Amino acid sequence: MYAINKFINIRKDAIFENGTCVYQNEDEGFSAFMKKVYKERGLAYPKFYKMDDLCKLAFMAADLLLEGDNEKDIALLLSNREASLDTDLKHQQTIQDAAAYFPSPSVFVYTLPNITIGEISIRHGLKSESAFFIADRFPAERMQQYAEYLLNSQKAQKVLCGWVHFMNGEYRADFYLVDSRGLLTHTMEHINEITK
Amino acid sequence: MAVYIHDTHIISPLGFGTRENFEAVVSGKTGIAPVFMNDSIGSVYAARINDEVLDRYFQSIDAMFKGSRIEKLLIAALTPVMAKNGIKENTVLVLSTTKGNIKALENHDLHSAFITQLAQHINNYFGFKTEPLVVSNACVSGVMALSVAKRFIETGGFSDAYVVAVDELSPFVVSGFQSFQAMSSEPCRPYDAQRSGVNLGEAAVAAYVSAENRPDGVLMAGEAHINDANHISGPSRTGEGLLLSIEKAFKEAGITARDIDYISAHGTATLFNDEMEAVAFHRAGIQQVPVNSLKGYFGHTLGASGLLETVLAAESLKNNMLVASLGYESPGTTQPLNIIMKPEKRLLKMVLKTASGFGGSNSAMVLIKN
């Protein structure tokens, strides 16, 4: 039996660690909120500011979840419904009108949802298994099976599972770490509770 | 548990059918030609499926269907494979795509641009009794989708799977690759000294995957997908993620570098990708193994490429036939590779399929013929 070692939920203007609120902000929007958390945490990672919003969200959730964890064989399984559509729309705007055609590589590179995985891998030095799944809602049962497959087959020592949603200013991240022991048993009941 | 690839079907500019496509590449035919995209982009070398030919073919599948072109591509790829193998209570559809119906954004149809919409439509069309799995992991998606199917069958999560992969040639993607200056202004030349970048393409490919051991099944003996943790848009100079993927795939398959008869590599024909692969293959000790890239025939079909190339690698195994790496003339990587120059009959038992992509992703899969 595996365990959920830690979980992070990012909701509108608030961040929770294992269910306890650790950051709360006034209603200033996503960018200002993330900037504040970045500063309060004393992060020195200028690449953060180049990221699109989906990556910023995934980065911050993973940073809080993996803080102090020295394991490098952590698989990353992320999921959302809209893939990278928030940034896709921005790229489309740069090519929609022939008179104002100006596609940019710094936007285009974020038109793939798995760039979130790349950013987390770089930040934490994780040369590990990963996958990005698109689904209407968090595929709890499949995530549970896939995470346990990776652990049982020794393809990973720990597994980070996460839902990462960013679209038109609305956002939500539910990240949890599956480990050999920890806070909660790795059951559907607990996964559903964390990601509900 | 052993999991196999069985029946397959390919929809590409080179034909509709796995055998048609395999015969085309053996005979050296390419789908790459100048394609006019739109006024902003102009013409580029790319591999596009002709609309009239596709529509005519689709008439014989479902003349009444009114959906999008990308749905037609998926249905065309899946129909013959599904007709042979059917759907059980616990059969799953695994879709691989990077951009799905991204063309819908041109018409301000955000709803149709959701990949979940596309997956659900196809799932409903064929009457799957389970929710679809969708893998969107840049250019390794196709190989990863096969792995996801294999892994879920191994865990007992599903009994069997249809893996289907698709991406369309779109102004969205062409404009992006152009902004990266990653596009070649001539037919692409993977691993060649004169290579200057990618040609894009489009395809839809389907494969039936199960634990049933049939005489013509191809075993997915080992696979891994390890991130470079190095750069979001450039490959690692050391090929670390690809090397680790290869080593882990070998380990799971219980084989060594010497057992591999052929490598179906990624070979996008960008300077950095091909160089990275050469470095990784050397470090893995497989630099002597005959290797090709099929991008010279199909262009880079993104989320379809991994499955397209795996299916054709399986055909190479079954037919004991190595396919030439089209566009290659002279060595263009610092570490030499054994690039296949012309089609060659050779006894083949084991093949390594690799892929790499944006986000630092890498995939390796060992296929063994029954």
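Owing to the predicted nature of the structure, the values given are computational and were not obtained by experimental measurement. (Residues numbered from 1 in each chain as written. Chains lettered and ligands numbered in written order. Predicted model: local features only at pLDDT ≥ 70, side-chain atom pairs only at ≥ 80, totals over all residues.)

## Section: the overall build of chain B
Link 1 in the chain: Helix and strand content of chain B: eleven helices and 17 strands.
Link 2 in the chain: The C-alpha atoms of chain B give a radius of gyration of 19 Å, which matches the 21 Å a tight globule of 370 residues would have.
Link 3 in the chain: When the backbone C-alpha atoms are referred to their principal axes, chain B occupies close to 55 × 50 × 40 Å.
Link 4 in the chain: Out of the 370 residues belonging to chain B, those deemed buried represent 62%.
Link 5 in the chain: Within chain B, contacts between residues at least 6 apart in sequence are counted, and of these 79% link residues at least 24 apart. (Helix = DSSP H or I, 4+ residues; strand = E, 2+ residues; numbered from the N terminus. Rg over C-alpha atoms; globule rule 2.2 N^0.38 Å. Buried ≥ 20, exposed ≤ 12 C-beta atoms within 10 Å, placed from the backbone. Contact = placed C-beta atoms within 7 Å.)

## A closer look at helix α9 (residues 271-284) of chain B
All names here are of chain B.
Link 1 in the chain: In this model, α9 (14 residues) spans 20 Å end to end at C-alpha, consistent with the 20 Å of a helix rising 1.5 Å per residue.
Link 2 in the chain: The set of residues buried in α9 consists of Asn 273, Asp 274, Met 276, Glu 277, Ala 278, Val 279, Ala 280, Phe 281 and Ala 284.
Link 3 in the chain: Here the buried face of α9 lies against α8 (240-253), β11 (262-264) and β16 (350-357).
Link 4 in the chain: Immediately downstream of α9, the backbone of Gly 285 shows phi near 75 degrees, a positive value. (Expected span 1.5 Å × (residues − 1).)

## Looking at the interface of chain A and chain B
Link 1 in the chain: Counting residues at the interface gives 42 residues for chain A and 44 residues for chain B.
Link 2 in the chain: Looking at the side of chain A that touches chain B, the elements that each hand over two or more residues are α3 (85-96), α4 (105-108), α5 (115-124), β5 (130-134) and α6 (140-152) of chain A.
Link 3 in the chain: Across the side of chain A that touches chain B, the residue classes break down as 23 nonpolar, eleven polar and eight charged.
Link 4 in the chain: Where β5(A) lies against strand β6 (residues 133-135) of chain B, two bridges are found, and the strand directions are antiparallel. Bridged to Phe133(A) within β6(B) is Val135(B). (Nonpolar A, V, L, I, M, F, W, Y, C, P; charged D, E, K, R; others polar. Pairing = 2+ DSSP bridges.)

## A few points about the sheet that holds strand β8 (residues 200-201) of chain B
Residue and element names in this part refer to chain B.
Link 1 in the chain: Overall, mixed pairing links the three strands, which are arranged β3-β4-β8 in an open sheet. Whereas interior strands pair on both sides, the edge strands pair on one side only; in this sheet they are β3 (32-38) and β8.
Link 2 in the chain: Across six bridges, β3 lies against strand β4 (residues 42-47) in antiparallel orientation. By the bridge assignment, Ile 32 is partnered in β4 with Ala 47.

## Digging into the domain arrangement of chain B
All names here are of chain B.
Link 1 in the chain: Partitioning chain B into domains gives domain 1 (4-210) and domain 2 (218-369).
Link 2 in the chain: Using C-alpha coordinates to define each centre, domain 1 is positioned 20 Å away from domain 2.
Link 3 in the chain: Listed as interface residues are 57 residues of domain 1 and, on the opposing side, 57 residues of domain 2.
Link 4 in the chain: Looking at the side of domain 1 that touches domain 2, the elements with two or more residues in it are β1 (4-12), α1 (18-26), β4, α6 (141-155), β7 (160-167), β8 and β9 (203-210).
Link 5 in the chain: Residues that form the side of domain 1 that touches domain 2 fall into these classes: 33 nonpolar, 18 polar and six charged. (Domains from an automatic or database assignment.)

## Quick look at the environment of Leu65(A)
Residues and elements named next belong to chain A.
Link 1 in the chain: As for its placement among the helices and strands, Leu 65 is situated in helix α2 (residues 53-66).
Link 2 in the chain: We classify Leu 65 as buried; it has 22 C-beta atoms within 10 Å.
Link 3 in the chain: Along the sequence, Leu 65 and Leu 160 sit 95 residues apart, while their C-alpha atoms lie 8.6 Å from each other.

## Let's talk about helix α3 (residues 69-85) of chain B
Residues and elements named next belong to chain B.
Link 1 in the chain: Between its first and last C-alpha atoms α3 spans 25 Å; for 17 residues at 1.5 Å apiece the expected length is 24 Å, and the two agree.
Link 2 in the chain: In α3, a bend of some 35 degrees at Thr 79 exceeds every other bend along the element, and Pro 80, a proline, comes one to four places later.
Link 3 in the chain: Within the span of α3, buried status applies to Ile 70, Glu 71, Lys 72, Leu 73, Leu 74, Ile 75, Ala 76, Ala 77, Leu 78, Val 81 and Met 82.
Link 4 in the chain: Contacts made by the buried residues of α3 are with β1, β2 (15-16), α2 (51-62), α5 (115-126), β7 and β9.
Link 5 in the chain: Where α3 ends, the next residue or the one after it, Gly 86, has phi of about 65 degrees, a positive value. (Bend = angle between axes of the 7 residues up to and from the residue.)

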